Each structure stands twice: as structure tokens, then as C-alpha cells.
Amino acid sequence: KGNKKRKRAEKGEKVSEDQSLSIIQEPPVKAKKARKKEHSEAEKKLSERENALEQADEEEHQKLFQNKAKQKKNASQAITKSVVNSATGATAKQRKRKRVANEAADRRTVFVGNLPVSCTLQVLKSLFVKYGQIQSIRFRSLVSGFKQCNVSFSCSRRKVHPNVKSINAYVVFKEECDAQKALKENGTEIASGFHIRVDTASETGSHDNKRSVFLGNLPYDIPDDAVREHFQVCGDVVRVRVVRDSRTGLGKGFGYVLFENTDAVHLALKLNNSVLMGRKIRVQRVADKKKAQKGSDQSHAPKDRVDKKKKKEKSCSDDSFVGEKANPLKKSTKPKRLKTTPRNKAGRNK
């Protein structure tokens, strides 16, 4: 029994010792956990700072890379612009040179119209050689009436539209003064029924409107000499121009006649609705397009101004008035009668 009591006492002491040890050992465990938490928070803060620094470094690297790329693009664009500007400048210079060269060539070139289809280079040379050295001669309006044939083949073979009776040519001189001298051949009869029209190439589209007449409703296959003969009664004809198609060589139905004097224009206007080759032609004056546009603009301008003034006056007069206007009453010429009270009523009132 004594041994048992001793064992029990020893066991109780061990249990008490264990409990005390557990109590003593608990606080260091909690301290370790707190320390671990503190370490983890500090590590998180450090990691966050490191991440922020890394992101800032990456952003700076990206910005530097973008700036370098922009600089490269700007440099490449500047180079391309300089190259384009130089190319455009070169092309502009080339165009100017070509334009100047073409203008100089046009001054030395003479247009010869209303030539017979059988006209050759030798005939033209013999006609214009006396005025100076000829550089080249080119025939035009030699277009075939068949779709399968080419223009070069028609020029070489002299195959033209069956309804075409005349062709044109360009004679290029070496000097400009020789081309001006060659204008004397204007109106010469090179063959029976063919009076040639000689002009400088730079002035083919220009004509004196005061001495010219516009013709409409012309036949498509009309020759220039038929128009000349029709208007020869009015006065001396300087030039006849029938506008023709560049492909077929046929007329487009209208043309112009240039006279030496303005008096012939008044006589030519009387031939309006006259019959020429089975058609009633239309004869009119040639009006300047610029003057007609200016006149139309000026004719419309005053009307607009008057309308605007009227609108302003109406608006000013109507703004101050509100409601409907009443008609004024006519004053009567009869004298007004005075109101008198009867005697009976007067006595009663008293």
C-alpha cells in the first residue's frame, strides 16, 4: 500500500510537472508565431516594393524604347519627305521644261487645214520651203473607217473614212519667224475646191469674236469650201473652221466663219435659217463666255440687293407692330348735335 501511494504521488508530481512545463513552453510558441507573422508582413512589404521598383524600371525601359522608335520614325519620315520633295521638285522642273519646250515648238509650228486626201509631203514641202527650213511634216485626220485597222496602217496606206474629203497637217519650221511668214498662204487654193487654212498651232483655238459668226445644224460631211462659197456674198472670208471628230474626221454639226470686216457679220446674220446642202443652218454671233458670265452675275446682283432691302424694311416696320392693322375711320362732315334734356325731365330732377 505504501508503494502504491508513493507511485500515485510520483505520478501526480509528474503530471503537475508536465502541466507546468506545458504552461512554460506555450508562450515561446506564441512568440514564434508572432515573429513569423512579423517576418511575413515585412517580406510582403519588401516584395511589393521590389515589384513596384521592377514595374517602374520596365515602364522606363518601355518609354525609352518608344522614344527611340519615334525618333527613328521621324528620321525616316524626314528622309522620305526630303526624297519626295526632291522628286516632286525634279518632276515640276521637268514639267516646266516640257511646257516651255512645247510652247516654243508650237510657235514654230503651222497648222494646215482643208487639204485634199491625195496631198503628199512633196506638195507641202514645195509650198512652204520658200519661207524657211522645214524640220518635220505630220499628217492628221487619217483615220480608217474600219474598226479592225490601226491608225498607223491607215496613215501609211492613206485609207480614210469614205465620207471624209479633207485632211489636216502640221508643218514645223526651225525658226519662229519662218512660221509667221508662212501664214501668208492662208486661203490659197491648193487644188480645185480646196482653199487651205493656215494658222499657228498656238492660236488654233482663238478667233476674233467681233468678226466671227457661229454656224449650227451643219451637215456632217460638209466641206469647208461649201461654207466659204455660201458666205462669200457677205464679204471676204478669212478663215472657215468646221469642228470635226478626231477619230473619224467627220464634222460635228457646227463651225465658225471669220470675216475681214465687222460689216460682213451683219450681212451674214441675215442668212440665218438659209438652206445649205439640204439643211437650214443657224447663224449667230460669237459671244465671249467671260463677258456673258460677268453680265449674268451683275444682272442678278442688284435684284438680290433690292430684295434684301425690301425684306429689311418690312422687318423693321413689322417688328414694332403687334396684332392686326385697323382701317382708319372716315370723318363725317355733318356737325354734331348737342344733347338736350326735355323740360319735363328737367323739372322732375329739380
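A few points on the structure.

About the criteria used
Residues numbered from 1 in each chain as written. Predicted model: local features only at pLDDT ≥ 70, side-chain atom pairs only at ≥ 80, totals over all residues. Heavy atoms only, no water. Pairing = 2+ DSSP bridges. Helix = DSSP H or I, 4+ residues; strand = E, 2+ residues; numbered from the N terminus. Axes fitted to C-alpha atoms, helices over the stretch in contact; angles between N-to-C directions. Buried < 20%, exposed > 50% of the residue type's maximum accessible area, 1.4 Å probe, protein only. 1 Å grid on protein atoms, 1.4 Å probe; cavity = no way out; pocket = protein on both sides within 12 Å on 5 of 7 lines; lining within 4 Å. Points joined across faces, edges and corners; volume = space filled by probe spheres on them. Nonpolar A, V, L, I, M, F, W, Y, C, P; charged D, E, K, R; others polar. Domains from an automatic or database assignment. Lys, Arg positive; Asp, Glu negative; His and termini not counted. Salt bridge = Lys/Arg side-chain N within 4 Å of Asp/Glu carboxyl O. Contact = heavy atoms within 4.5 Å.

Observations concerning the sheet that holds strand β9 (residues 251-259)
For step 1, the next point in the chain: The antiparallel open sheet is built from 4 strands, whose spatial order is β8-β9-β7-β12. Only two strands of the sheet have a single partner each, and these edge strands are β8 (237-244) and β12 (282-285). Sheet twist, expressed as the mean angle between neighbouring strand axes with direction ignored, is 25°.
For step 2, the next point in the chain: One ladder, built from 4 bridges, connects strand β7 (residues 212-216) with β12; its direction is antiparallel. In the sheet register, phenylalanine 214 faces β12, and the bridge partner there is glutamine 284.

As for unusual backbone geometry
For step 1, the next point in the chain: Positive phi, normally seen in glycine, also occurs at asparagine 114, with a value near 60°.
For step 2, the next point in the chain: Its place among the elements puts asparagine 114 in strand β1 (residues 109-116).
For step 3, the next point in the chain: Even without being glycine, asparagine 217 reaches a positive phi, approximately 60°.
For step 4, the next point in the chain: A relative accessible area of 34% places asparagine 217 in the partly exposed class.

Structural notes on empty space enclosed by the protein
For step 1, the next point in the chain: Counted by the stated rule, this structure contains 2 cavities of 30 Å³ or more.
For step 2, the next point in the chain: In terms of lining, the second largest cavity is formed by 12 residues, of which the most central are Lys165, Ser166, Ile222, Pro223 and Arg244.
For step 3, the next point in the chain: For the lining of the second largest cavity, the residue count by class is 5 nonpolar, 4 polar and 3 charged.
For step 4, the next point in the chain: No fewer than three residues from each of domain 1 (100-144 + 157-206) and domain 2 (207-287) sit in the lining of the second largest cavity.

What to know about the side chain of arginine 228
For step 1, the next point in the chain: The topology assignment puts arginine 228 in helix α5 (residues 224-231).
For step 2, the next point in the chain: No salt bridge is formed by the buried arginine 228, whose closest oppositely charged neighbour, aspartate 225, lies at an N-O distance of 4.1 Å.
For step 3, the next point in the chain: Leave out the neighbours within four places in its chain, and arginine 228 touches His195, Val237, Val238 and Val240.

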